[in-house]
Amino acid sequence: MDVNVEHSDAVLVTNTPSETEHLGELLGAHLRGGDVLCLSGTLGAGKTCLVRGLARGWGAIEHPTSPTFTLINEYRHSKGSQRFYHVDCYRLSGAADAWTTGLEELFDPANVVTIEWPERILEILPAEHLWVDIRDLGDTSRELTLAASGHRALDLLRSIWQG
Ligand SMILES: Nc1ncnc2c1ncn2[C@@H]1O[C@H](COP(=O)(O)OP(=O)(O)O)[C@@H](O)[C@H]1O
Ligand SMILES: [Mg+2]
(Lines give C-alpha, C1' and ligand atoms only; values in the text may rest on other atoms or scores of the structure.)
(Ligands and ions follow the chains in the order given, each with its own letter.)
Protein backbone atom coordinates (compact mmCIF):
# COMPACT_ATOMS: atom_id res chain seq x y z
CA MET A 1 0.00 0.00 0.00
CA ASP A 2 1.49 3.35 -1.03
CA VAL A 3 0.81 6.26 1.29
CA ASN A 4 1.26 9.92 0.55
CA VAL A 5 0.28 12.48 3.18
CA GLU A 6 0.00 16.19 2.77
CA HIS A 7 -1.65 18.47 5.31
CA SER A 8 -5.18 17.20 5.89
CA ASP A 9 -5.27 14.89 2.88
CA ALA A 10 -3.86 11.45 2.21
CA VAL A 11 -3.82 9.36 -0.94
CA LEU A 12 -3.55 5.59 -0.73
CA VAL A 13 -3.64 2.87 -3.36
CA THR A 14 -4.99 -0.60 -2.65
CA ASN A 15 -4.50 -3.46 -5.07
CA THR A 16 -7.08 -5.99 -3.86
CA PRO A 17 -10.51 -5.90 -2.16
CA SER A 18 -8.97 -7.39 0.98
CA GLU A 19 -6.44 -4.55 1.14
CA THR A 20 -9.31 -2.06 1.04
CA GLU A 21 -11.14 -3.98 3.75
CA HIS A 22 -7.97 -4.12 5.83
CA LEU A 23 -7.52 -0.37 5.53
CA GLY A 24 -11.10 0.01 6.73
CA GLU A 25 -10.36 -2.26 9.66
CA LEU A 26 -7.32 -0.18 10.69
CA LEU A 27 -9.34 3.01 10.57
CA GLY A 28 -12.42 1.37 12.11
CA ALA A 29 -10.49 0.48 15.28
CA HIS A 30 -10.16 4.21 15.97
CA LEU A 31 -13.79 5.16 15.36
CA ARG A 32 -15.93 6.44 18.20
CA GLY A 33 -19.35 7.96 18.68
CA GLY A 34 -19.92 11.15 16.72
CA ASP A 35 -17.56 10.23 13.90
CA VAL A 36 -18.87 10.74 10.36
CA LEU A 37 -17.29 9.12 7.30
CA CYS A 38 -18.37 10.12 3.81
CA LEU A 39 -17.59 7.61 1.06
CA SER A 40 -17.82 8.75 -2.54
CA GLY A 41 -17.02 7.00 -5.80
CA THR A 42 -18.81 5.34 -8.69
CA LEU A 43 -20.80 2.09 -8.36
CA GLY A 44 -18.37 -0.73 -7.74
CA ALA A 45 -15.58 1.58 -6.56
CA GLY A 46 -15.34 -0.26 -3.23
CA LYS A 47 -17.31 1.89 -0.76
CA THR A 48 -19.20 -1.04 0.76
CA CYS A 49 -16.01 -3.08 0.83
CA LEU A 50 -14.37 -0.34 2.92
CA VAL A 51 -17.41 -0.17 5.23
CA ARG A 52 -17.16 -3.92 5.90
CA GLY A 53 -13.65 -3.35 7.22
CA LEU A 54 -14.66 -0.23 9.14
CA ALA A 55 -17.48 -2.08 10.91
CA ARG A 56 -15.28 -5.04 11.76
CA GLY A 57 -12.47 -2.83 13.08
CA TRP A 58 -14.97 -0.83 15.13
CA GLY A 59 -16.27 -4.03 16.73
CA ALA A 60 -19.61 -4.73 15.03
CA ILE A 61 -21.33 -8.00 15.89
CA GLU A 62 -22.92 -8.40 12.44
CA HIS A 63 -21.22 -8.48 9.04
CA PRO A 64 -22.26 -5.50 6.89
CA THR A 65 -23.85 -6.04 3.49
CA SER A 66 -24.84 -3.53 0.85
CA PRO A 67 -27.69 -1.29 2.07
CA THR A 68 -28.54 -0.03 -1.43
CA PHE A 69 -32.16 -1.19 -1.09
CA THR A 70 -32.62 -0.30 2.55
CA LEU A 71 -31.08 3.18 2.94
CA ILE A 72 -29.89 2.56 6.51
CA ASN A 73 -28.34 -0.48 8.17
CA GLU A 74 -27.61 -0.47 11.87
CA TYR A 75 -24.90 -2.52 13.60
CA ARG A 76 -24.39 -3.17 17.28
CA HIS A 77 -21.07 -3.22 19.07
CA SER A 78 -19.86 -6.44 20.67
CA LYS A 79 -19.52 -4.56 23.96
CA GLY A 80 -21.62 -1.54 24.83
CA SER A 81 -24.56 0.33 23.44
CA GLN A 82 -22.95 2.35 20.67
CA ARG A 83 -24.26 2.01 17.13
CA PHE A 84 -22.59 1.95 13.74
CA TYR A 85 -24.76 3.15 10.85
CA HIS A 86 -24.18 2.37 7.21
CA VAL A 87 -26.24 4.71 5.07
CA ASP A 88 -26.58 4.53 1.28
CA CYS A 89 -28.05 7.69 -0.26
CA TYR A 90 -27.97 6.34 -3.82
CA ARG A 91 -31.75 6.41 -4.05
CA LEU A 92 -32.23 9.79 -2.42
CA SER A 93 -32.94 12.70 -4.70
CA GLY A 94 -31.59 15.31 -2.28
CA ALA A 95 -31.65 16.85 1.16
CA ALA A 96 -35.45 17.16 1.24
CA ASP A 97 -35.62 13.36 0.96
CA ALA A 98 -33.00 13.06 3.69
CA TRP A 99 -35.01 15.28 6.02
CA THR A 100 -38.20 13.32 5.45
CA THR A 101 -36.40 10.08 6.26
CA GLY A 102 -34.99 11.59 9.46
CA LEU A 103 -31.39 10.97 8.44
CA GLU A 104 -29.96 13.89 10.36
CA GLU A 105 -31.12 12.32 13.61
CA LEU A 106 -28.36 9.75 13.13
CA PHE A 107 -25.71 12.41 13.67
CA ASP A 108 -25.45 11.91 17.40
CA PRO A 109 -22.48 11.60 19.79
CA ALA A 110 -23.48 7.97 20.39
CA ASN A 111 -23.25 6.94 16.74
CA VAL A 112 -20.63 6.26 14.11
CA VAL A 113 -22.15 7.13 10.73
CA THR A 114 -20.74 5.98 7.38
CA ILE A 115 -22.42 7.34 4.25
CA GLU A 116 -22.29 6.18 0.63
CA TRP A 117 -23.29 8.81 -1.97
CA PRO A 118 -22.86 11.64 0.59
CA GLU A 119 -22.90 14.23 -2.22
CA ARG A 120 -26.71 13.72 -2.32
CA ILE A 121 -27.15 15.01 1.24
CA LEU A 122 -24.49 17.74 1.48
CA GLU A 123 -26.94 20.12 3.18
CA ILE A 124 -27.36 17.90 6.22
CA LEU A 125 -23.75 16.67 6.62
CA PRO A 126 -22.01 17.73 9.84
CA ALA A 127 -19.15 20.18 9.15
CA GLU A 128 -16.68 17.78 10.78
CA HIS A 129 -16.20 14.58 8.81
CA LEU A 130 -13.65 12.42 7.07
CA TRP A 131 -14.32 12.20 3.35
CA VAL A 132 -12.99 9.20 1.44
CA ASP A 133 -13.20 9.29 -2.34
CA ILE A 134 -12.49 5.99 -4.09
CA ARG A 135 -11.40 5.89 -7.71
CA ASP A 136 -11.27 2.76 -9.83
CA LEU A 137 -7.81 2.61 -11.43
CA GLY A 138 -8.67 -0.51 -13.41
CA ASP A 139 -8.43 -4.22 -12.59
CA THR A 140 -8.33 -4.43 -8.81
CA SER A 141 -6.49 -1.18 -8.10
CA ARG A 142 -8.26 1.59 -6.26
CA GLU A 143 -7.06 5.06 -5.28
CA LEU A 144 -8.46 6.32 -2.00
CA THR A 145 -8.24 10.04 -1.26
CA LEU A 146 -8.95 10.87 2.36
CA ALA A 147 -9.71 14.47 3.28
CA ALA A 148 -10.24 15.59 6.87
CA SER A 149 -12.61 18.38 7.88
CA GLY A 150 -12.02 19.29 11.50
CA HIS A 151 -9.55 18.21 14.19
CA ARG A 152 -11.22 14.93 15.03
CA ALA A 153 -11.19 13.84 11.37
CA LEU A 154 -7.53 14.78 11.15
CA ASP A 155 -6.77 12.56 14.17
CA LEU A 156 -8.60 9.72 12.45
CA LEU A 157 -6.62 10.28 9.27
CA ARG A 158 -3.34 10.19 11.22
CA SER A 159 -4.39 7.02 13.02
CA ILE A 160 -4.00 5.05 9.80
CA TRP A 161 -0.23 5.12 9.82
CA GLN A 162 0.18 5.38 13.57
CA GLY A 163 -1.35 1.89 13.76
N1 LIG B 1 -8.89 -2.79 -4.48
C2 LIG B 1 -10.23 -3.01 -4.37
N3 LIG B 1 -10.92 -2.47 -3.34
C4 LIG B 1 -12.25 -2.66 -3.22
N5 LIG B 1 -13.01 -3.37 -4.08
C6 LIG B 1 -12.38 -3.93 -5.13
C7 LIG B 1 -10.97 -3.77 -5.31
N8 LIG B 1 -10.63 -4.45 -6.44
C9 LIG B 1 -11.75 -4.99 -6.90
N10 LIG B 1 -12.80 -4.70 -6.14
C11 LIG B 1 -14.19 -5.14 -6.40
O12 LIG B 1 -14.99 -4.00 -6.64
C13 LIG B 1 -16.28 -4.20 -6.11
C14 LIG B 1 -16.58 -3.14 -5.09
O15 LIG B 1 -17.90 -3.31 -4.69
P16 LIG B 1 -18.59 -2.43 -3.58
O17 LIG B 1 -17.70 -2.33 -2.40
O18 LIG B 1 -19.96 -2.97 -3.37
O19 LIG B 1 -18.63 -1.01 -4.32
P20 LIG B 1 -19.54 0.27 -4.05
O21 LIG B 1 -20.14 0.12 -2.68
O22 LIG B 1 -18.59 1.42 -4.17
O23 LIG B 1 -20.57 0.30 -5.14
C24 LIG B 1 -16.32 -5.60 -5.50
O25 LIG B 1 -16.81 -6.49 -6.46
C26 LIG B 1 -14.85 -5.85 -5.22
O27 LIG B 1 -14.54 -7.23 -5.22
MG1 LIG C 1 -22.13 0.17 -2.01
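Residues numbered from 1 in each chain as written. Chains lettered and ligands numbered in written order. Predicted model: local features only at pLDDT ≥ 70, side-chain atom pairs only at ≥ 80, totals over all residues. Heavy atoms only, no water.

A. Seen up close, the pairing of strand 3 (residues 36-40). Counting buried residues in strand 3 gives 5 out of 5 residues, a clear majority hidden from the surface. Of the two faces of strand 3, the one carrying Val36, Cys38 and Ser40 and the one carrying Leu37 and Leu39 are both buried. (Buried < 20%, exposed > 50% of the residue type's maximum accessible area, 1.4 Å probe, protein only. Helix = DSSP H or I, 4+ residues; strand = E, 2+ residues; numbered from the N terminus.)

B. Focus on the coordination of the magnesium ion (ligand 2). Protein-derived coordination of the magnesium ion (ligand 2) comes from Thr48 (OG1) and Glu116 (OE), at a distance range of 2.2 to 2.3 Å. Within this pair, whereas Thr48 is found in helix 2 (residues 47-58), its partner Glu116 is found in strand 6 (residues 111-116), the two being separated by 68 residues in sequence. Neither residue differs from the other here; Thr48 and Glu116 are each classed as buried. (Donors = N, O, S within 2.8 Å, 3.2 Å for Na, K, Ca; no water.)

C. Highlighting the site of ligand 1. Near ligand 1, the surroundings consist of 15 residues, among which Thr20, Gly44, Lys47, Thr48 and Thr140 are the closest. Relative to its unbound accessible surface of 570 Å², ligand 1 loses 75% to contact with the protein. Elements represented by at least two residues in the shell around ligand 1 include exactly helix 1 (17-28) and helix 2. For the shell around ligand 1, the element with the most residues is helix 2, which contributes 3 residues. Across the shell around ligand 1, the residue classes tally to 4 nonpolar, 8 polar and 3 charged. (Near = heavy atom within 4 Å. Areas by Shrake-Rupley, 256 points an atom, 1.4 Å probe, with all protein chains shown as cover. Nonpolar A, V, L, I, M, F, W, Y, C, P; charged D, E, K, R; others polar.)

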